[in-house]
Amino acid sequence: IPAEEMSSVIVPEKPSSNTMGPKEVELILVKEQNGVQFTSTTLVTPAAPQTSRSGEEERETWGKKIDFLLSVIGFAVDLANVWRFPYLCYKNGGGAFLVPYLFFMLIAGMPLFYMELALGQYNREGAAGVWKICPIFKGVGFTVILISLYVGFYYNVIISWALFYLFSSFTWELPWVHCNNTWNSPNCSDWADNNTVSDIYTATPAQEYFERGVLHIQDSNGIDDLGRPRWQLTACLAVVIVLLYFCLWKGVKTSGKVVWITATMPYLVLTVLLLRGVTLPGAIDGIKAYLSVDFLRLCDAKVWIEAATQICFSLGVGFGVLIAFSSYNKFSNNCYRDAIITSSINSLTSFFSGFVVFSFLGYMSHKHNVALDKVARDGAGLVFVIYPEAIATLPGSSVWAVIFFIMLLTLGIDSAMGGMESVITGLIDEFKFLHKHRELFTLFIVVSTFLISLFCVTSGGMYVFTLLDHFAAGTSILFGVLIEAIGIAWFYGVDRFSDDIKEMIGHRPGRYWRLCWKFVSPCFLLRLAYAITPETEHHLVDNGEVRQFTVSVPLFLVSQYTLNITSLQGII
């Protein structure tokens, strides 16, 4: 460029709130063909950091949209999808159970799911911080954070059981096959002997392995005799805690990648187990029993109540997790579509897992020549007793056991990650100084959880476990979601909330959703706690005791080591 053609250009600065602030100097070197160099300088105002609508520094977001979807699916699809829904379906009219299940899904499950996703995404805060829209309800936010923390105290123990079983599966002969182990009692016998001896006084090898080999409940006389933490379960619990820490310490940037494995692995394993299960003798009979339609069961109010209860707890509303996860979405993300997709996948997974479960239950019924209801059960007894026993009879049983317990491990890990994220996000958003110390704060939370969970891995730990399961997330969850729905619909206002959603996705929710938020869902939650409890026990609901919300204790524990909930409450 000829020197005489060069001219200096002054570019006006953009308005800035801090005109006296520092400026960056941009140096441009222009070289002419004859070797003469010219320089040009320009003052450039540094780009300000991106800010949110409120003027605060922009919140981190998920690396990819699929990270968020997998995280929500991974949290909602947990162990209860495998061990509870199939049994409820079988017990309550088979395919007919889907009628009340889908009904309550539409009037309560999806609306509440959608509400929490929208609430978190719009306000970009955790479970406590979102209530800046109506500060008097901030206590509800801390309530759900506390509930998630409580649940973590015992939920991680279930994962440690699965990890213990996984390690025990790396052997040529599975340890729950015979009665000649050191932990077995004289009452141990196989299925053949159980046909001639009362079930009250006998137990299968798989039953005694879980009760006496894993839990060692025979070494405790009750909740006042817990004993020391057992080192095997303590080590497994420590591994779980370490996994959780490194999944969460960097926020959604790390957890969003972990769920690519933990959220997808269960579907792969369930498919493999189904392909194996349907080839077993008696499997088709089990599946027929699972799907058999008995519409007369719909006349029983208990069927509708159990469908409502299952919906309320299977979607994971009320734990603050959906709010925390959606708070890391981009502001314009279509949370309506996400709510429909993820809640539907959760229900379809529950239905699909029933085929896997009942193919093996049908096989067990055929193999031992007993009625299906003799082997069908829900709760921990299904995944830690019945299923391991069925797997032990297959060729290559160790391989199948490893596959099955890897599935349980991944099902539990991403749900535990969601609960921990609810606590961490909720507190660091409320106490801003913690943002700079997320790694240390995450370490504090997981270590605290580990120390309290040690009470559950003692010889009498099952008593503590049952207490936590019984009181941590029962009526409290229903109450929390009820107040949350009332706060949004009646205090903040459905119209204002609908305007917020329109600001995000470009259109207001339909009248159906607004009616559900304002009337249907709150009424559903307000009546449910009383509906599932006998009238003579309504005073227990007022005290926060709803027994129907607990994870069923394995039936084989109904022996001299039975976990008698009533007596435990008496002790307390």
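Residues numbered from 1 in each chain as written. Predicted model: local features only at pLDDT ≥ 70, side-chain atom pairs only at ≥ 80, totals over all residues. Heavy atoms only, no water.

Caption draft 1: Representation of the confidence of the model for the protein chain. Summary statistics for the protein chain give a mean pLDDT of 83 and a share of 80% for residues scoring 70 or more. Taken together, the stretch residues 44-52 has pLDDT below 50 and engages in 15 contacts with residues farther than four places along the chain or on a different chain. (pLDDT = per-residue confidence, 0-100. Contact = heavy atoms within 4.5 Å.)

Caption draft 2: Structural view of the pattern of salt bridges. In the structure shown here, the tally under the stated rule is 13 salt bridges. For the salt bridge of Asp 429 with Arg 59, the shortest nitrogen-to-oxygen distance reads 2.7 Å. Of the two residues, Asp 429 sits in helix H16 (residues 397-430) while Arg 59 sits in the loop between strand E2 (37-44) and helix H1 (65-76), which places them 370 residues apart along the sequence. Overall, Asp 429 belongs to the buried group, its relative accessible area being 2%. Using a relative accessible area of 15% as the deciding quantity, one classes Arg 59 as buried. Here Asp 67 and Lys 257 are joined by a salt bridge, their closest N and O atoms 3.1 Å apart. With Asp 67 in helix H1 and Lys 257 in helix H9 (residues 252-262), this residue pair connects regions lying 190 residues apart in the sequence. Through salt bridges with shared partners, one network takes in Glu 125, Lys 132 and Lys 432. (Salt bridge = Lys/Arg side-chain N within 4 Å of Asp/Glu carboxyl O. Helix = DSSP H or I, 4+ residues; strand = E, 2+ residues; numbered from the N terminus. Buried < 20%, exposed > 50% of the residue type's maximum accessible area, 1.4 Å probe, protein only.)

Caption draft 3: Expanded view of the state of the cysteines. Inspection of the entire model under this criterion finds 1 disulfide. Each disulfide pairs two cysteine sulfurs, and for Cys 179 the partner residue is Cys 188, the sulfurs being separated by 2.0 Å. Measuring the twist about the S-S bond at about -70°, one finds the Cys 179-Cys 188 disulfide to be left-handed. Cys 179 sits in the partly exposed class, given a relative accessible area of 32%. (Disulfide = S-S within 2.5 Å.)

Caption draft 4: How the structure looks around H1. Relative to the 16 Å expected for 12 residues at 1.5 Å per residue, H1 spans 17 Å between its end C-alpha atoms, a close match to the ideal helical length. Among the 12 residues of H1, 10 are classified as buried, and the element is accordingly described as predominantly covered. All of the buried residues in H1 are Asp 67, Phe 68, Leu 69, Leu 70, Ser 71, Val 72, Ile 73, Gly 74, Phe 75 and Ala 76. (Expected span 1.5 Å × (residues − 1).)

Caption draft 5: Layout of unusual backbone geometry. Of note in this structure, His 216 is not a glycine but carries a positive phi near 55°. Within the secondary structure, His 216 is located in the loop between helix H7 (205-214) and helix H8 (231-248). The exposure class assigned to His 216 is buried, which follows from its relative accessible area of 15%. The phi angle at Asn 369 is positive, at roughly 55°, despite the residue not being glycine. With respect to the helices, strands and loops of the structure, Asn 369 is situated in the loop between helix H14 (335-368) and helix H15 (380-392).

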